[in-house]
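So you can see what is in the structure, the chains are spelled out below.
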Amino acid sequence: MTDVLGKPLARERTSDQFAPQKSDKFTFGLWTVGNRGRDPFGDAVRNSIPPTRIVEKVAELGGYGISLHDNDLVPIDATPALRDKIVSEFKQALKDYDLQVPMATVNLFYHPVFKDGAFTSNDPRVRNFAIQKTMSAMDLGHDLGAKIFVLWGGREGVEIDACRNAEDGIKRMREALNFLCEYSVSQGYDYKFALEAKPNEPRSDIYFPTSGHMLAFLYTLDHPELVGLNPEVAHEQMSGLNFYHGVAQAIEAGKLFHIDLNDQKPGRYDQDLRFGSETIKGMFYLVKLLEESGYSGPRAFDAHAYRTEDEEGVWDFAYGCMRTYNMLKYKAKLFAQDAEIQGILNELKSRFGPVPVDTTKFSADTAAKLKATPFDINAIAGPGLNYERLDQLVIDLLLGFRG
Ligand code: GCO
Ligand code: MN
Ligand code: MN
């Protein structure tokens, strides 16, 4: 087998109905497959992979696009000439391999200047610099064709609450976002901003710890229509939340602008594990939701390979993320077609019958009618709902013993 440019593939990977296709809209951050396995206790275990090679490999594996922080591509201290050279080589690679950059973001956490936050820092010079750096990252993203701009405030938090009133943190965040929305509009960039929540790490506590907090906050901005969410599996699971429910709420509100897919064991640090490698059932309902809701954005993987892996293992990891997504998508189709599963759901519907009093709109008449309606609650409560059987059918289906 050869890649799109006719070069031989380093490793043959399964090419069946689950093999990723461009139309699946899978994307990887440069920082994800580019992760070198550094952790707080140990150094890098892999060499860095040049962005142009990442483009080549992601395309070879069937990906759709690449996302990036400004400094994943252009070093923070690059001269304008170096910046232009890097960007033009990267653009050429995107063109050669027909990959998109649907999302760009900004690194507001790596440099020591951000040690006490970026938009929320107590130092007004840092707050200014963070906005300046974000505007430049927006320029870069626009140049690469990005229409989504993710903001993840990894340092927007504290170790000690004595240092600032948390309300000031919220207000500073609002001020920065309002400014950046206006900048996007004034430049004609047409960005949708996707806010990414995380409860902690690298700060001891991060403001806006969950997607729910972010969702409430974004309606207080000057341009709520430009701002939505980028929920990440691991981040909500770190808080012990049901990710599928959070994403459903975002979709229902029309605010799912992007999504970071990975996986996580409960109660740990942010593990960024291969998508679907841990919580298969939860990820099944997530994929089912994304596919059935008509979500049309990128299926973005924000994860990285185990520290045990060399570069080939990184591509196994990337392929695995996409393959698992497609297998779960297939399982969602089986769920919809499964006569027994659908039979249980339909039996319940017909057992319950139509709504006795329609409450979709309030009126005094409806209220009076509802008040006067008798309910035999013991008779209603009596029969079991068959959920044990239903769930076991789902388990059989996921484990491959149905359909
Ligand atoms: C993390 C975050 C980041 C962001 C990325 C995009 O926990 O490290 O998930 O990977 O998603 O910085 O803004
Ligand atoms: Mn993320
Ligand atoms: Mn993360």
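Structure: above.
Presented here is a report on the structure given in the accompanying data block. Keep in mind it's a predicted model, so treat the numbers as computed, not measured.

Some remarks on the side chain of threonine 134
By the secondary structure assignment, threonine 134 is in helix α5 (residues 124-143). A relative accessible area of 0% places threonine 134 in the buried class.

Describing the nonpolar core
Among the nonpolar cores identified, the biggest contains 98 residues, and Phe90, Phe275 and Leu286 are the most heavily contacted of them. With twelve residues, the single largest contributor to this core is helix α11 (residues 311-337). There are two domains that each give this core at least three residues, and those are domain 1 (22-336) and domain 2 (338-398). Once you skip the residues sitting within four places of it in the chain, phenylalanine 275 turns out to touch Leu261, Asn262, Met283, Leu286, Val287, Phe301, Cys321, Thr324, Tyr325 and Leu328.

Regarding empty space enclosed by the protein
Applying the stated criterion to the full structure yields two cavities of 30 Å³ or more. Gly153, Met173, Glu196, Ala197, Lys198, Ile206, Tyr207, Phe208 and Met214 together form the lining of the largest cavity. Taken together, the residues of the lining of the largest cavity break down into six nonpolar, one polar and two charged. The computed volume of the second largest cavity comes to approximately 30 Å³.

Observations concerning the coordination of the manganese ion (ligand 2)
Under ideal tetrahedral coordination, the four donors around a metal are separated by 109.5 degrees; under ideal octahedral coordination, the six donors are separated by 90 or 180 degrees. In this structure, Glu196 (OE), Glu232 (OE), Asp260 (OD) and Asp302 (OD) serve as the protein donors to the manganese ion (ligand 2), at separations of 2.0 to 2.2 Å. Classification of the site at the manganese ion (ligand 2) as octahedral follows from its six donor atoms and the range of 79 to 172° in their angles at the metal. For the manganese ion (ligand 2), the single-chain donor residues occur in sequence as E-x35-E-x27-D-x41-D. A separation of 3.9 Å is found between the manganese ion (ligand 2) and the manganese ion (ligand 3), both of which receive a donor from glutamate 232. Here aspartate 260 lies in strand β9 (residues 260-261) and glutamate 232 lies in the loop between β8 (227-229) and α8 (233-238), a separation of 28 residues in the sequence. For the pair formed by glutamate 232 and aspartate 260, the shared burial category is buried.

Some words on helix α10 (residues 280-293)
For α10, with 14 residues, the first-to-last C-alpha span of 20 Å sits near the 20 Å given by 1.5 Å per residue. Three or more residues of α10 are buried, namely Met283, Phe284, Leu286, Val287, Lys288, Leu289 and Leu290. Packed against the buried residues of α10 are α8, α9 (243-252), β9, β10 (299-301), α11 and α15 (387-398). Positive backbone phi, at 85°, marks glycine 294, one or two positions downstream of α10.

What counts and how
Residues numbered from 1 in each chain as written. Chains lettered and ligands numbered in written order. Predicted model: local features only at pLDDT ≥ 70, side-chain atom pairs only at ≥ 80, totals over all residues. Heavy atoms only, no water. Helix = DSSP H or I, 4+ residues; strand = E, 2+ residues; numbered from the N terminus. Buried < 20%, exposed > 50% of the residue type's maximum accessible area, 1.4 Å probe, protein only. Core = buried A, V, L, I, M, F, W, Y, C linked by side-chain atoms within 4.5 Å. Domains from an automatic or database assignment. Contact = heavy atoms within 4.5 Å. 1 Å grid on protein atoms, 1.4 Å probe; cavity = no way out; pocket = protein on both sides within 12 Å on 5 of 7 lines; lining within 4 Å. Points joined across faces, edges and corners; volume = space filled by probe spheres on them. Nonpolar A, V, L, I, M, F, W, Y, C, P; charged D, E, K, R; others polar. Donors = N, O, S within 2.8 Å, 3.2 Å for Na, K, Ca; no water. Tetrahedral: all angles 85-135°; square planar, octahedral: opposite > 155°, others 65-115°. Expected span 1.5 Å × (residues − 1).

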